[in-house]
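Per-entry structural report
Residue strings, one per chain:
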Amino acid sequence: YHESAGLGGQAKALDKSLGGFITDALKTMKFEGKKNKFYAMLRPGGSEYTLVIVQGVGKDAPAEKDMADLGGALQAYLEGMKLEEAVVTIESPFKGVSSETLAANMAFGARLRSYRFLKYYKKKQEEQKTNLKKITYLVDKEKEAKKQY
């Protein structure tokens, strides 16, 4: 969710199929799309999805490091929600930053954030483990995103 542009095309299509549920929920909660702010909706109006999560990406085009930070923040949020799997649609709202570049960097950031150093934490290993097993990033040019990853 971009601070100025709002929802991307795929999210708009989902919102339309849900009768504007996402837009209404975001307006009600005054969600502004600030960077790394999240809003979760449980099983929105007749949706096949259990949960829809909107992540704010801010207003300005991020550097590659900041794109990775978006992925790391998403990873941490999903882990905190105790999810096992997530599907993420990626559409870059930024001029000069392709969706594939954004997805590759977010996936890299998520991978870095998921790392657990357990060697010296024998007693707390179970606490440190995450339920999240898989994040699937959906972009138009999947091969390009994989190449950039």
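Residues numbered from 1 in each chain as written. Predicted model: local features only at pLDDT ≥ 70, side-chain atom pairs only at ≥ 80, totals over all residues. Heavy atoms only, no water.

1. Things to note about the environment of alanine 5
For alanine 5, the position within the fold is in the segment before helix 1 (9–17). Classification of alanine 5 as partly exposed rests on a relative accessible area of 49%. (Helix = DSSP H or I, 4+ residues; strand = E, 2+ residues; numbered from the N terminus. Buried < 20%, exposed > 50% of the residue type's maximum accessible area, 1.4 Å probe, protein only.)

2. A closer look at helix 3 (residues 64–80)
For helix 3, with 17 residues, the first-to-last C-alpha span of 25 Å sits near the 24 Å given by 1.5 Å per residue. Buried within helix 3 are the following residues: Met67, Ala68, Leu70, Gly71, Gly72, Ala73, Leu74, Gln75, Leu78 and Glu79. Buried residues along helix 3 sit in contact with strand 1 (38–42), strand 2 (51–55), strand 3 (85–89), helix 4 (99–114) and strand 4 (134–138). One or two steps after helix 3, the chain reaches lysine 82, where phi turns positive at roughly 65°. (Expected span 1.5 Å × (residues − 1). Contact = heavy atoms within 4.5 Å.)

3. Some details on the packing of aromatic side chains
Applying the stated criterion to the full structure yields two aromatic pairs. Taking 5.4 Å as the distance between ring centres and 75° as the angle between the ring planes, the aromatic pair formed by tyrosine 1 and phenylalanine 31 counts as edge-to-face. In this pair, tyrosine 1 is assigned in the segment before helix 1 and phenylalanine 31 in the loop between helix 2 (21–28) and strand 1, connecting sequence segments 30 residues apart. Look at phenylalanine 38 and tyrosine 77: their rings are 4.3 Å apart centre to centre, the planes differ by 10°, and that puts the pair in the stacked class. Taken together, the residues span a long stretch of sequence, with phenylalanine 38 in strand 1 and tyrosine 77 in helix 3 at a distance of 39 residues. (Phe/Tyr/Trp six-rings, centres within 6.5 Å; stacked < 30°, edge-to-face > 60°.)

4. Overview of the environment of leucine 112
If you trace the backbone, leucine 112 turns up in helix 4. For leucine 112, a relative accessible area of 52% puts it in the exposed group. For the pair leucine 112 and glutamine 75, spaced 37 residues apart in the sequence, the C-alpha separation amounts to 9.2 Å.

5. Digging into helix 2
Among all positions in helix 2, only Ile22, Ala25 and Leu26 are buried. Along the axis of helix 2, the buried positions cluster into a sector of 95°, meaning they face one direction only. Residues Lys27 and Thr28 are exposed on helix 2 and point more than 90 degrees away from its buried face. Contact partners of the buried residues in helix 2: helix 1, strand 1 and strand 2. Once helix 2 finishes, lysine 30 follows within two positions and takes phi at roughly 55°, a positive value. (Arc of directions from axis to C-beta.)

6. Examining a nonpolar patch on the surface
A cluster of nonpolar side chains, Phe108, Leu112 and Tyr149, forms an exposed patch at the surface whose accessible area comes to about 320 Å². Structurally, phenylalanine 108 is set in helix 4. (Patch = residues over 30% accessible without salt bridge, like charges linked within 9 Å, V, L, I, M, F, W, Y side chains within 5 Å. Areas by Shrake-Rupley, 256 points an atom, 1.4 Å probe, with all protein chains shown as cover. Salt bridge = Lys/Arg side-chain N within 4 Å of Asp/Glu carboxyl O.)

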